[in-house]
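These are the residues of each chain, in order.
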Amino acid sequence: MSHSTRCAACKSLRRRCTKDCVLAPYFPPTNPQRFACIHKIFGASNTTKMLEQLPLHLRSVAADCMSFEASSRVEDPVYGSVRIISRLQEQIIEAQSELEKTNGEIAFHKAQQQLQQQQMQQLQMIHAVAQEGEDQPSWLNSNQQDPFSNVNQQLFGDYNYSGTFCGFEF
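This is a predicted model, so every value here is computed, not measured.

Procedures and definitions
Residues numbered from 1 in each chain as written. Predicted model: local features only at pLDDT ≥ 70, side-chain atom pairs only at ≥ 80, totals over all residues. Heavy atoms only, no water. Core = buried A, V, L, I, M, F, W, Y, C linked by side-chain atoms within 4.5 Å. Buried < 20%, exposed > 50% of the residue type's maximum accessible area, 1.4 Å probe, protein only. Helix = DSSP H or I, 4+ residues; strand = E, 2+ residues; numbered from the N terminus. Contact = heavy atoms within 4.5 Å. Salt bridge = Lys/Arg side-chain N within 4 Å of Asp/Glu carboxyl O.

Novice: Any details on the nonpolar core? Residues and values, ideally.
Specialist: One finds C7, C17, C21, L23, F27, F35 and L51 to be the most contacted residues of the largest nonpolar core, which totals 20 residues. When contributions to this core are tallied by element, the ones reaching two or more residues are α1 (8-13), α2 (32-41), α3 (44-53) and α4 (56-75). If you tally residues by element for this core, the top one is α4, at 4 residues. In contact with C7, not counting residues within four places along its chain, are C17, C21, L23, A24, F27 and P29.

Novice: Mind laying out the pattern of salt bridges, listing which residues take part and the relevant values?
Specialist: Following the criterion strictly, the structure yields 3 salt bridges and no others. Among the ionic pairs, D64 bridges to R34, the shortest N-O distance being 2.8 Å. One end of the pair, D64, is in helix α4; the other, R34, is in helix α2, with 30 residues separating them in the sequence. Note on D64: relative accessible area 41%, which makes it partly exposed. Here E69 ties to R73 by a salt bridge, and the two come within 3.6 Å at their closest N and O atoms. With E69 and R73 both in helix α4 and 4 residues apart, this pair spans about one turn of that helix.

Pasting the structure below:
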């Protein structure tokens, strides 16, 4: 028994489309160009054999793959789908190179930021030490004595001041 309308494959081959036509589910009459490309590249007999050898659940994917390969081969008879694959591989390589460059720039900026943070911490430490030193004169270190003590001793000697002056005792 034949279908009410023939599939694109049977129309192209000018034959009756039987109920068990292997090509009918994958080449509807609404898209005759799909089968035309496949027929031109693979041939009807090879296409039928390839689809018959596959389980039913994989035939649709195989028909789509054959259609893609055939249309690519019609557009570019020398390279076919290989040209598309090559372009995609080149794009992947370019993207990886750009990613590596970007990661390098990020690492550089992070290192630069860490260096700036270290310098800021050092400046803060220096500032903190300087503030601690402001409590006593800068010329007076903790291990030195008052430079005026010698002068006081030379002028006044060991003289002990005691007495009263204007009502104050010293």
